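# Geometric and topological summary
Spelled out from the first residue to the last, the chains are:
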Amino acid sequence: MRTALLLSLFLFLLSPGQSTGQKDSPVFRAEVLKKMDRAIASSIKRKRLPGGVLWLEHGGQVYKKSYGNRSTVPKSEAMTLDTIFDAASLTKVIATLPSVMKLIEEGKIGLEDKVIKYLPELTGDRNKSAITIRHLLTHTSGLLAGIRRGYQWQGYEHGIMLATSEASSDSGGKYYRYSDLNFILLGEIVGRVSKQRVDRFAATHVFEPLKMTDTTFLPAPGLQARIAPTTRMEDGTILRGLVHDPTSRAMGGVTGHAGLFTTAHDLARYAHMLLNGGELEGVRILQPESVKLMRTVQSPEFITARRALGFDIDSPYAGPRGNTFPLGSFGHTGWTGTSLWIDPFSKTFVIFLSNRNHPSGGNVVSLRHQLGTLAAKSITHNFVKVPGALKKLSDEERSEADRKLIPPRGNVLNGIDVLALNNFAELKGLKVGLITNQTGLSRDRKSTIDLLHGSDEVQLLSLFGPEHGIRGTFDGKVADGIDKKTGLPIHSLYAGVDRRKPKREHLDPLDALVFDMQDIGCRFFTYISTMGLAMEATEEAGLKFVVLDRVNPIGGVNVSGPLVVGESTFVAFHDLPLRHGMTVGEIAKLFQSERYPTLELTVVPLRNWKRSLRFDQSGLPWLKPSPNMPNLTAATLYPGLGLLEFTNLSVGRGTKLPFELVGAPYIRAAELAKCLTAAKLPGLQFIPVRFTPEASKFKDEECGGVRILLKDPTTCPSVELGLVLAQALRSLYPHDWNTQGLNTLLRHPITAGAIIEGLSRESVLREWRADLTRFAPRREKHLLYR
């Protein structure tokens, strides 16, 4: 009899849609609990999620309930309280965060330590060297949101190579951007410092002492039946027991940002530990000082998105706080539909776990917010503003904080900035035309078009658009038009082969032609060809030519590659090496000296730029110069990879990583990566990948190839990379790689012949060095900066 009663009670507790809380307890308002039930049921009915588990706790009382189904495909399974969920980004704060805090307590990691102390391979730009452990924990590192997608790769080591190589867009401690990279790196740091993988370290120091018996990475097959499945994959299979996050899955399922599986019961024990100052049932997991850092604002004062170490307090992702829990409560969410929110002031926490992306789609953002609001309303507590919990800055205070606390990133001024500071003196009283595009911006992001058009000192009469057009959005021919904002006529300089030089009738009304576009430091990037043809037309018309100088984004020191052999073309306008190491103003002076000696040329120079500075050190705003030049990494690799565009090789056009991916259907990825790695090119790493371009060459065809990682741009021999890649393709795929167009951009038959004949790299470099020796004095006398 006793056994039967216990069994009945057990089945009642686990039955779908049943609560094990004390509904009639004065701790919870029954009518509010019913609203929570209805909110979840309504979301399930609207197919926002298949089901979920709610756990609300306050004052030692618990309201817990399961709803709907944990599986709908391939068969229906009722949700149960003991369902195990893919925790997604809750991994960050349940596994990685306490592991890091434990190592900080042991003195093995310092909160203000530079990340490169533990991950010396975190390179690629100058910002990364300043990133600290605190920056990673507060999502203020400046790193991208994650490893960019659009290609397939496998392996934990490759994942760390990718994570440490992704570019940073800001300096550490300056801005907030939620980033998986932060916790991927933290998970790796835990492993390197402790000599234990993060899953094992967290299990030993957190999960096992807390008796979180169902919390694990890589769940065992015996748990499969209790695991809530997630996404239906392209092949029709349903992920169950395998982490949903694509990056974590590619890395083997154990990473610092995702991969954890857990239950509401286990999360409740973790929440209790935090509310108890790091201790539960006599077992201390963390020191109270550590817990305080995990629940109070630790991000810089001037950043409006407030984060503790790991946990969210007041950011765009803090929806589960709802409208009532006070600022100073904290929590986190997971992409699969999981969330935990803790209010330390009322000793309340609410857990909601779901697999909203089963079998696809779903959305619980508004539901989590609603549940947070109702959870706070369900208890009897006087929620008041916590003094000093969060300080909101006025605009004036924020500006002052920016001035005092944000480190300067560089004070370089482009020619347009200098021109404006000089009150347009170089153009005073002149009627001018302007050759420009979307990159014609001042340091404070005002367009050169608007600055000239709005000046009383100069009369802007017309605009001239280069390849890709005034706004940089076109591939192919560009038509004439009218600028909608100013009403000025736009004369295309890329409407056809015979329209690349300004027409005389378009120049007749002018006194001067002004050039302001961002080059990228490569001979066959056509903006300098446009400038050269414009200089020719301007000389013929007897006009002034004014260049508003711009930085060479890949630096002005490295000069490499062969000179041009043969007649001038639009992709080889003048006798320059492939990587010329000059600004457009310096090139204009060289063009004048060697081609247009009677041209009246004015170069409005840069200020505060040194030849060693790359674009990311200038403090200037980056705007992609052309549709397939999204970032500085692509620009750095372009002089080498772009060389091979006229062969049957994809250089990543039609993917999210142009000029960082190369491949073709005939390439065996691992084989090519091994060959390129063996070349030992400094500053570069190669990862075997597969990708399918959505446009351009090999559209909709799967390609094998490599992702090229730029580890050190100052030592990267980008032009030599193109040579090594060409030699590898010729050696590995002599019958597949078509070399017919090899010399189109190279314009050096000796190099093309050496590649085809299989001659040594050194023999080619020797030819290049001879060319560069001849070029050096020609270049030197036109340099404006040191």
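Residues numbered from 1 in each chain as written. Predicted model: local features only at pLDDT ≥ 70, side-chain atom pairs only at ≥ 80, totals over all residues. Heavy atoms only, no water.

Spatially, β16-β17-β15-β14-β18-β19-β20 is the arrangement adopted by the 7 strands of the open sheet, whose pairing is mixed. Unpaired on one side and paired on the other, β16 (481–482) and β20 (600–604) mark the two borders of the sheet. Where strand β14 (residues 431–436) and strand β15 (residues 459–465) come together, 5 bridges link them in parallel fashion. Looking at β15, one finds that Val-432 is bridged to Leu-460. Where helix α16 (residues 527–541) meets the sheet, it contacts β14, β18 (512–516) and β19 (544–548), and its direction lies at approximately 155° from that of β19. Sheet strands touched by helix α17 (residues 584–594): β18, β19 and β20. Its angle to β20, the strand with the most contacts, is close to 165°. (Pairing = 2+ DSSP bridges. Helix = DSSP H or I, 4+ residues; strand = E, 2+ residues; numbered from the N terminus. Contact = heavy atoms within 4.5 Å. Axes fitted to C-alpha atoms, helices over the stretch in contact; angles between N-to-C directions.)

If you walk across this open sheet you meet the 3 strands as β4-β6-β5, and the pairing is antiparallel. Of all strands in the sheet, those with a lone pairing partner are β4 (85–86) and β5 (216–217), marking the two edges. Taken together, the 2 bridges between β4 and strand β6 (residues 260–262) define a ladder with antiparallel strand orientation. Bridging from a neighbouring strand, Asp-86 pairs with Phe-261 of β6.

Scanning the model with the defined rule gives 12 aromatic pairs in all. Relative to Tyr-317, the ring of Tyr-178 has its centre 5.1 Å away and its plane inclined at 45°; by these criteria the two rings are tilted. Here Tyr-178 is found in the loop between α5 (156–165) and α6 (180–194), whereas its partner Tyr-317 is found in the loop between β10 (312–314) and β11 (330–334), with 139 residues between them in sequence. Look at Trp-609 and Tyr-785: their rings are 5.5 Å apart centre to centre, the planes differ by 85°, and that puts the pair in the edge-to-face class. On the criterion of sequence distance, the pair formed by Trp-609 in the loop between β20 and α18 (632–641) and Tyr-785 in the segment after α23 (761–780) is long-range, its members being 176 residues apart. In this structure Trp-609 comes out as buried when scored by relative accessible area, which is 5%. Using a relative accessible area of 6% as the deciding quantity, one classes Tyr-785 as buried. Linked through ring pairs, Phe-524, Phe-525, Tyr-527, Tyr-638 and Phe-659 together constitute an aromatic cluster. The lysine or arginine in question, Arg-356, covers the ring of Trp-335, its NZ or CZ lying 3.9 Å from the ring centre. A cation over an aromatic ring shows up here: Arg-595 above the ring of Phe-573, its NZ or CZ 4.2 Å from the ring centre. (Phe/Tyr/Trp six-rings, centres within 6.5 Å; stacked < 30°, edge-to-face > 60°. Buried < 20%, exposed > 50% of the residue type's maximum accessible area, 1.4 Å probe, protein only. Lys NZ or Arg CZ within 6 Å of the ring centre and 35° of its normal.)

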